[in-house]
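# Coordinate inspection notes
Single-letter residue listing:
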Amino acid sequence: MSSDDPFEMEMCLFAKDEVIFRDGDDGGCAYVVDSGSVEISKDADGHRVVLGTIRDAGMFGEMSLIDNAPRMATAIATENTKCIVIQKEAFQLNLRGTPPFVTLLVHMLIKNVRS
């Protein structure tokens, strides 16, 4: 990014089959697919299990921004893909205006998904 503005939109390009992040990585940002597609998968007993495919306007990687836990899956571009990057700082600034009940509810939902 060219400035210190946390709301400036950063774009990232990923080539087909490029790993965006791996299960267990630290999560400092989330992504929104602008074009292309991303496969979300997890290793289970030595086999890759596809959890889903994220396409245009879909978001992924957001859970680690909410609970600061490591990534729980691997994200791989399944074609040339362009993503908008949402930095942790911008995400947290937007959450500050959220009512405490909603914030608690989101944390509980993320905890349930992770378990």
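Residues numbered from 1 in each chain as written. Predicted model: local features only at pLDDT ≥ 70, side-chain atom pairs only at ≥ 80, totals over all residues. Heavy atoms only, no water.

### Looking at the pattern of salt bridges
Condition: Any carboxyl oxygen of Asp or Glu within 4 Å of a side-chain nitrogen of Lys or Arg constitutes a salt bridge here. Numbering of helices and strands starts at the N terminus; helices are DSSP runs of H or I of at least 4 residues and strands are runs of E of at least 2. To sort residues, take the accessible area from a 1.4 Å probe on protein chains only and compare it with the maximum for the residue type: under 20% means buried, over 50% means exposed, and anything in between is partly exposed.
Scanning all chains against the criterion turns up four salt bridges. Close ionic contact of lysine 42 with aspartate 23 constitutes a salt bridge, the shortest N to O distance being 2.8 Å. Separated by 19 residues along the polypeptide, lysine 42 in strand β4 (residues 38-44) and aspartate 23 in the loop between β2 (19-21) and β3 (29-35) bring together distant segments of the chain. The class for lysine 42 is partly exposed, based on a relative accessible area of 31%.

### Here we look at the packing of aromatic side chains
The criterion, for reference: Centres within 6.5 Å make a pair out of two Phe, Tyr or Trp rings, where for Trp the six-membered ring is used; the pair is then stacked when the planes are under 30 degrees apart, edge-to-face when over 60, and tilted otherwise.
Inspection of the entire model under this criterion finds four aromatic pairs. For the pair phenylalanine 21 and tyrosine 31, a centre-to-centre distance of 6.2 Å together with 25° between the ring planes defines the contact as stacked. Placement of phenylalanine 21 in strand β2 and of tyrosine 31 in strand β3 is noted, with a sequence separation of ten residues between them. As far as burial versus exposure is concerned, phenylalanine 21 and tyrosine 31 are alike and both buried. Pairing phenylalanine 21 with phenylalanine 60 gives two aromatic rings, centres 6.0 Å apart and planes at 35°, and the pair type is tilted. Taken together, the residues phenylalanine 21 in strand β2 and phenylalanine 60 in strand β6 (residues 59-60) connect sequence positions 39 residues apart. The two residues phenylalanine 21 and phenylalanine 60 agree in class, both being buried. Each member of the aromatic cluster is reached from another via a ring pair, and the members are Phe14, Phe21, Tyr31 and Phe60.

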